[in-house]
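# What the coordinates show
This is what each chain is made of:
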Amino acid sequence: MSEAKYLRFLRTKEELSNYIPIKTIGKGYFGEVKLVRKKQDGKVYALKRLAKTEMVSHEQLPRVRAERDALAESDSEWVVKLYTTFQDSTSLYLLMEYLPGGDLMALLIKYQIFSEDITRFYAAEMIMAIEAIHNLGFIHRDIKPDNILIDREGHVKLADFGLSKGFSKSHDHSYYRELLQKPAPPNNKPANRNSVNLDEIALTVSNRAQINEWRRSRRLMAYSAVGTPDYIAPELFTGQGYSFEIDWWSLGAIM
């Protein structure tokens, strides 16, 4: 996509009606991913929908914000590309590139066991992908074959940052709990649980200076035990905290 076309893409007011659904390619606890075609240019994308009420009731807003920021801040060839985000009254949407090669799990199911050379190839590319995310200050926390997508040329891209952990203030549960306790502004309708959160989850890139200040004020340590059992590092269960190294454990488990 040329720079002029990309800037025009960003200026276009996005809404769900701009896209024709083709099929569902993934489902999760709080939404789904559909293969869609844009009416304007006929191009195919992956559109991830997240239900607002589910995100709020299950306190998933920090993870949604972390997922959005990780994708938006990354310009790595090893990470799935996020084109734009938009929302309506019920859902948030992330418009991403569609990778036609499927995922690594599908390849494993087909071939059962890879040769050492093929294993080395995919492991090397995954090292590049994980390093790219870590350099942005995010722990993926769900490295597994299902989240390793394959592009047209057979190269990998890391996807699904729904469990990722960032260290910006807006990636912390306490940030949103404080917002819920704020009184409604004068001359406006009373704020409810949904409206406060959904207004504050403004889909903009986190301010880098604020992120750096937040990092300096706390250790880069997470405590939630999340992930997929087959690939979870032991330190997630100790309650003592963990950091970026858990993603390397998961890659080792895949190998």
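Structural data are supplied above this passage.
Below: a short report on this structure. (Residues numbered from 1 in each chain as written. Predicted model: local features only at pLDDT ≥ 70, side-chain atom pairs only at ≥ 80, totals over all residues. Heavy atoms only, no water.)

### Remarks on the sheet that holds strand S4 (residues 82-87)
One open sheet accounts for 5 strands, arranged S1-S2-S3-S5-S4; its pairing is antiparallel. Strands with a single pairing partner mark the edges of an open sheet, and in this sheet they are strand S1 (19-27) and S4. The average undirected angle you get between the axes of adjacent strands in this sheet is 25°. Here S4 pairs with strand S5 (residues 91-97) via 5 bridges, running antiparallel. Bridge pairing links Thr84 to Leu95 in S5. (Pairing = 2+ DSSP bridges. Helix = DSSP H or I, 4+ residues; strand = E, 2+ residues; numbered from the N terminus. Axes fitted to C-alpha atoms, helices over the stretch in contact; angles between N-to-C directions.)

### Considerations on the side chain of His134
In this structure, His134 sits in helix H5 (residues 116-135). Of the residues examined, His134 reaches a relative accessible area of 13% and is grouped as buried. Apart from residues lying up to four places away in sequence, His134 is in contact with Phe244, Asp247 and Trp248. (Buried < 20%, exposed > 50% of the residue type's maximum accessible area, 1.4 Å probe, protein only. Contact = heavy atoms within 4.5 Å.)

### Here we look at the pairing of S5
Of all the 7 residues making up S5, 7 are buried; the element is thus mostly covered by neighbouring parts of the structure. Alignment of strand S3 (residues 44-51) against S5, held across 7 bridges, turns out to be antiparallel. What sits directly across from Leu47, in S5, is Leu95. Following S4, the chain reverses through 3 residues before pairing antiparallel with S5.

### Details of the pattern of salt bridges
Evaluated as defined, the whole model comprises 8 salt bridges. Note that Glu14 is salt-bridged to Lys38, the shortest N-O span being 2.9 Å. Of this pair, Glu14 sits in the loop between helix H1 (3-11) and S1 while Lys38 sits in strand S2 (residues 31-38), and the two are 24 residues apart along the sequence. In this structure Lys38 comes out as buried when scored by relative accessible area, which is 2%. Here Asp142 makes a salt bridge to Lys144, at a shortest N to O gap of 3.7 Å. (Salt bridge = Lys/Arg side-chain N within 4 Å of Asp/Glu carboxyl O.)

Distances and angles like these do not, on their own, reveal function.
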